[in-house]
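A structural walkthrough
Here is what each chain is made of, one letter per residue.
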Amino acid sequence: MNYYILTYTTPENYLEEREKYRKDHLSHATEYFNEGYLLLGGAIDSANEAVLVFKANSDKIAKAFAENDPYTKNGLIKSWSVKKWNVAIGD
C-alpha cells in the first residue's frame, strides 16, 4: 500500500458556500474512511486549502474521491492534485 496526498485549493467564497454541500461532502468522505482509504482530512488555516491523506494501491482512489466530491462537482474547489507520499517514518 502507498500513501497519497490530495490537496484542494478553494475559492475566496468557500466558507460562505460550503454549508450547502458540507453534509454530502462529509458523507462522501465517511464512505472512503470506512473503506479504509481515507486516513485524515481537513482544511488548512483559513480554509484556502485542504489536505486529505489516502492509503491505497494506486492514486486512482484519491483521484476518484476528488472527481466525485460534492465540493468539486459544485465548483467549491478551484484546483486539486494528487501526489504520492513516500513515507520514511511511521505507518
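Just above sits the structure.
The structure contained in this document is the topic of the report that follows.

**A word on the packing of aromatic side chains**
Enumeration over the complete set of coordinates arrives at 5 aromatic pairs. Summarising the aromatic geometry, the rings of Tyr 32 and Phe 65 are spaced 5.0 Å apart at their centres and angled 90 degrees between planes, so their arrangement reads as edge-to-face. In this pair, Tyr 32 sits in helix H2 (residues 22-34) while Phe 65 sits in helix H3 (residues 60-68), placing the two residues 33 residues apart along the sequence. A residue is classified by how much of its surface remains accessible, and Tyr 32, at 13% relative accessible area, is buried. For Phe 65, a relative accessible area of 0% gives the class buried. Ring pairing ties together the aromatic residues Tyr 32, Phe 54 and Phe 65, which thus form one cluster.

**Comments concerning the sheet that holds strand S2 (residues 38-44)**
One open sheet accounts for 4 strands, arranged S2-S3-S1-S4; its pairing is antiparallel. Looking at which strands have only one partner, the edges of the open sheet turn out to be S2 and strand S4 (79-85). Looking at each pair of strands side by side, their axes are set apart by 15 degrees on average, direction ignored. Sheet topology note: the S2/strand S3 (residues 49-56) ladder contains 6 bridges and is antiparallel.

**Topic: H3**
Given 3.6 residues to a turn, an α-helix orients residues that are three or four positions apart in the same direction. Among all positions of H3, only Ala 62, Phe 65 and Ala 66 are buried. Axial view of H3: buried residues confined to an arc of 95 degrees, hence all on one face.

**Observations regarding unusual backbone geometry**
Residues other than glycine seldom take positive phi values, yet Asp 45 does so here, at roughly 45 degrees. The residue Asp 45 is located in the loop between S2 and S3 in this model. Unusually for a residue other than glycine, Ala 47 sits at a positive phi of about 70 degrees. Here Ala 47 lies in the loop between S2 and S3.

What counts, and at which threshold
- Residues numbered from 1 in each chain as written.
- Predicted model: local features only at pLDDT ≥ 70, side-chain atom pairs only at ≥ 80, totals over all residues.
- Heavy atoms only, no water.
- Phe/Tyr/Trp six-rings, centres within 6.5 Å; stacked < 30°, edge-to-face > 60°.
- Helix = DSSP H or I, 4+ residues; strand = E, 2+ residues; numbered from the N terminus.
- Buried < 20%, exposed > 50% of the residue type's maximum accessible area, 1.4 Å probe, protein only.
- Pairing = 2+ DSSP bridges.
- Axes fitted to C-alpha atoms, helices over the stretch in contact; angles between N-to-C directions.
- Arc of directions from axis to C-beta.

Interpretation note: all reported values are geometric properties and have no functional meaning in isolation.
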